[in-house]
Amino acid sequence: MVKFSFLALAGAIATATAAKHNTSIKLGKRQLRRGDASTEALLKKARPYKKANAGRKLEGQQDAVELDGSYSVKFSQCVDVRTKSEDLFSDELIAYAQSGSVVSSKSFVLFHVCQGDNCFYESDEDLYIVDLATYLANVATYHVEKRQNYCQACERFIDTCVVEEEVEEQVEEEVAEEEVAQEDEAVEEEEAVEDEAAEEEDAAEEDAAEEDEPEEGGGEGKEGGEENEAGRKLKTTARRTANYIDCDQCFAYNCYADDEADADLDDGAQQQQNMDELDNQVVEWIVQLGECQESGTQDANGNNLYIGAMCGTYGDGVELAVFLDEECSIYTSEYSFNSVYNPDYDANEINYVTYAENYIKIAFEETMSCLEVEYDDPNEEQDGNAAEEEEERYEMNEYCEGLLNDEAMDFNNCEAENGNEQEEEAQDDQYSWYTFDIEDADDIGEVCQVVYQMQGEYYHAYDESSSGTWYSRNSNGQIITVSAQNNQGNK
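Residues numbered from 1 in each chain as written. Predicted model: local features only at pLDDT ≥ 70, side-chain atom pairs only at ≥ 80, totals over all residues. Heavy atoms only, no water.

**Structural notes on the overall build of the protein**
Point 1. Along the backbone of the protein there are 18 helices and 12 strands.
Point 2. For the protein, buried positions account for 36% of its 491 residues.
Point 3. Surface exposure of the protein reaches about 28600 Å², of which carbon and sulfur atoms provide 43%. (Helix = DSSP H or I, 4+ residues; strand = E, 2+ residues; numbered from the N terminus. Buried < 20%, exposed > 50% of the residue type's maximum accessible area, 1.4 Å probe, protein only. Areas by Shrake-Rupley, 256 points an atom, 1.4 Å probe, with all protein chains shown as cover.)

Structure follows, in structure tokens:
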């Protein structure tokens, strides 16, 4: 009852429209965040691993069903392909290449695109492939920006969630009056029970009809209560069909800290601003990591070392690794990431690994929804145009669009189309030890062919025994997820 009164009171003073901030750029149907370092990376091209075009055929249907916001993305496998590099035959590297401690490769991610929010019915028919850098720039970024995106929605309904001080006082007064009324009602009920017991004792010899009158009245009260309860359930059901912002979550995210009346930033507003800036910096760092970063460290010969991401030893996650070239295509197990990473390099005052680690790991653990979420205004009556609203709510978000585009490839035709294009190249006997999967891993069509020919026996270049790992595993060898670690820490 208090909640209903609160909403009514808050709605009475709400302004007609909520405050909005122009923080996005409209591009077709897409909403790209203005000024974000990840925007360009989100537009990188990716190709489906299993299906052609931007849609797929569902079982029993002839026409392709276009992918939309009703689908989700779930990581499946990380795969490396060995590439040809003349640099491996240099005097500096050839001995390392022969020993296997220096490898030329590129990482790709296989992921499911399936309906539902948990990909429970995932299958090989839903697999897509994309390079690791693009996967990180989209999926890891999605998790970093989840708070900011929610706060943007909270800003739309600021007049619903942010109640003025005098209204809060009225609500508190109403709550106090409600509590007093409930206490009075409880006392009256107790007195009524005592009076009724006394009357029944005095009227034990009276007519049975006179004795039944209180029960009849009680029955009517019960029946009315049932009707009221049914009405409340019906209203609850109706409310659940709408999607409202959670004001408690808005405050938990500190979304309204910068809307304080005082022009000077208070502690909460400063914290909010710092969180936004840090999130943006972490996104930029993750994007740069996928593309390759200078480490600020050199090897014994004075050559620059680079840091980037690549598939882990078992393909069930991703590791941070050290490379010998600015494209992060020549991996070396002679160094570990922790031994060369310098948080202070390039005037960085933040150890971004500390903030980015969980977001990167979660990108390979949790399902990502493709839905562009829209929230209903609790101060407006819901109209009957449900079909149009439902269609709008299945719009795909920018993160999934960054993974999928029109240049899709049907994996079922992959080998047939490309199987004869890859020819064996004669090599000098002194280099007969050297093998590679593909000359140029920039052609996703050729990569698709190579991965197909692996028949599930995927290659992984990363050497965990030499380069280390940031994962912990259980007794079955499975990665202990971020959520599992958090649960253990809360016990």
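**Remarks on helix α16 (residues 444–453)**
Point 1. Among the 10 residues in α16, seven count as buried, and that is most of the element.
Point 2. Within α16, the full set of buried residues consists of I444, G445, V447, C448, Q449, V450 and V451.

**A look at the pairing of strand β8 (residues 293–298)**
Point 1. Pairing geometry for β8 and strand β9 (residues 304–311), over three bridges, is antiparallel. Among the inter-strand pairings, E294 is bridged to a residue of β9, identified as Y306.
Point 2. Connecting β8 to the next strand, β9, in antiparallel fashion are five residues, including G302 with a positive phi near 85 degrees. (Pairing = 2+ DSSP bridges.)

**Side note on unusual backbone geometry**
Point 1. Of note in this structure, N254 is not a glycine but carries a positive phi near 65 degrees.
Point 2. Tracing the chain through its elements places N254 in the loop between α9 (247–252) and α10 (267–291).

**Structural notes on the packing of aromatic side chains**
Point 1. For the structure on display, the rule yields 18 aromatic pairs.
Point 2. Here the aromatic rings of F75 and F364 are separated by 5.0 Å at their centres, their planes lie at 80 degrees, and the arrangement is edge-to-face. Taken together, the positions of F75 in strand β5 (residues 71–82) and F364 in the loop between α12 (352–362) and β12 (368–369) put the pair 289 residues apart, joining distant regions of the chain.
Point 3. Assessed through its relative accessible area of 9%, F75 is described here as buried. (Phe/Tyr/Trp six-rings, centres within 6.5 Å; stacked < 30°, edge-to-face > 60°.)

**Looking at the confidence of the model for the protein**
Point 1. Looking at the protein as a whole, the pLDDT averages 75, with 66% of positions reaching at least 70.
Point 2. Taken as a whole, residues 227–240 scores under 50 in pLDDT and shows two contacts with residues more than four places along the chain or in a different chain. (pLDDT = per-residue confidence, 0-100. Contact = heavy atoms within 4.5 Å.)

**Brief notes about the pairing of strand β6 (residues 102–115)**
Consecutive side chains of a regular strand alternate in pointing toward one face of the sheet and then the other.
Point 1. Within β6, 12 of the 14 residues are buried, which leaves the element mostly enclosed by the surrounding structure.
Point 2. By the bridge criterion, 11 bridges tie β5 to β6 in an arrangement that is antiparallel. Along β6, the bridge assignment pairs V81 with K106.
Point 3. Here three bridges tie β6 to strand β11 (residues 330–332), and the two strands are oriented antiparallel to one another. Pairing of S104 across the sheet is with I330, part of β11.
Point 4. Note: β6 against strand β7 (residues 127–131), five bridges, orientation antiparallel. Looking at β7, one finds that V109 is bridged to V130.

**Side note on the environment of Y306**
Point 1. Here Y306 lies in strand β9.
Point 2. The class for Y306 is buried, based on a relative accessible area of 12%.
Point 3. A C-alpha to C-alpha distance of 10.0 Å links Y306 and S329, two positions 23 residues apart in sequence.
Point 4. When sequence neighbours within four positions are dropped, the list of residues in contact with Y306 reads C292, Q293, E294, S295, A321, V322, F323, L324, D325, E326 and C328.

**With respect to the side chain of S333**
Point 1. Checked against the element boundaries, S333 lands in the loop between β11 and α11 (337–340).
Point 2. Given a relative accessible area of 7%, S333 falls into the buried group.
Point 3. Setting aside its immediate chain neighbours within four residues, S333 contacts S101, D463, S466 and S467.

**Observations concerning the state of the cysteines**
Point 1. Counted under the stated rule, the structure contains seven disulfides.
Point 2. Between the sulfur of C78 and that of C311 lies a disulfide, 2.0 Å long from S to S. A torsion of -75 degrees about the S-S bond marks the disulfide between C78 and C311 as left-handed. Linking C78 in strand β5 with C311 in strand β9, this pair joins segments that are 233 residues apart in sequence. Like C78, the residue C311 is buried in the burial classification. (Disulfide = S-S within 2.5 Å.)

**Here's the deal with the nonpolar core**
Point 1. Counting 50 residues, the largest nonpolar core has Y135, W285, I360 and F364 as the members making the most contacts within it.
Point 2. The leading source of residues in this core is helix α4 (residues 132–144), at eight residues.
Point 3. Other than its neighbours up to four places away in sequence, F364 contacts F75, V109, L132, Y135, L136 and V318. (Core = buried A, V, L, I, M, F, W, Y, C linked by side-chain atoms within 4.5 Å.)

**Brief notes about the packing of α4 against α12**
Point 1. Look at α4 against α12: their axes get within 8 Å of each other, and the N-to-C directions meet at 115 degrees. In the packing of α4 onto α12, the handedness of the crossing is right-handed. Residue-level contacts link L136, A140, H143 and V144 of α4 to Y359, I360 and I362 of α12.
Point 2. Split into classes, the residues belonging to the contact of α4 with α12 amount to six nonpolar, one polar and no charged. (Axes fitted to C-alpha atoms, helices over the stretch in contact; angles between N-to-C directions. Left-handed = near helix turned anticlockwise from the far one by under 90°. Nonpolar A, V, L, I, M, F, W, Y, C, P; charged D, E, K, R; others polar.)

**Structural notes on the environment of Y96**
Point 1. As for its placement among the helices and strands, Y96 is situated in helix α3 (residues 94–99).
Point 2. Placed 238 residues apart in sequence, Y96 and E334 show a C-alpha to C-alpha distance of 8.9 Å.
Point 3. Apart from residues no more than four positions distant in its own chain, Y96 is found in contact with S101, V102 and E334.

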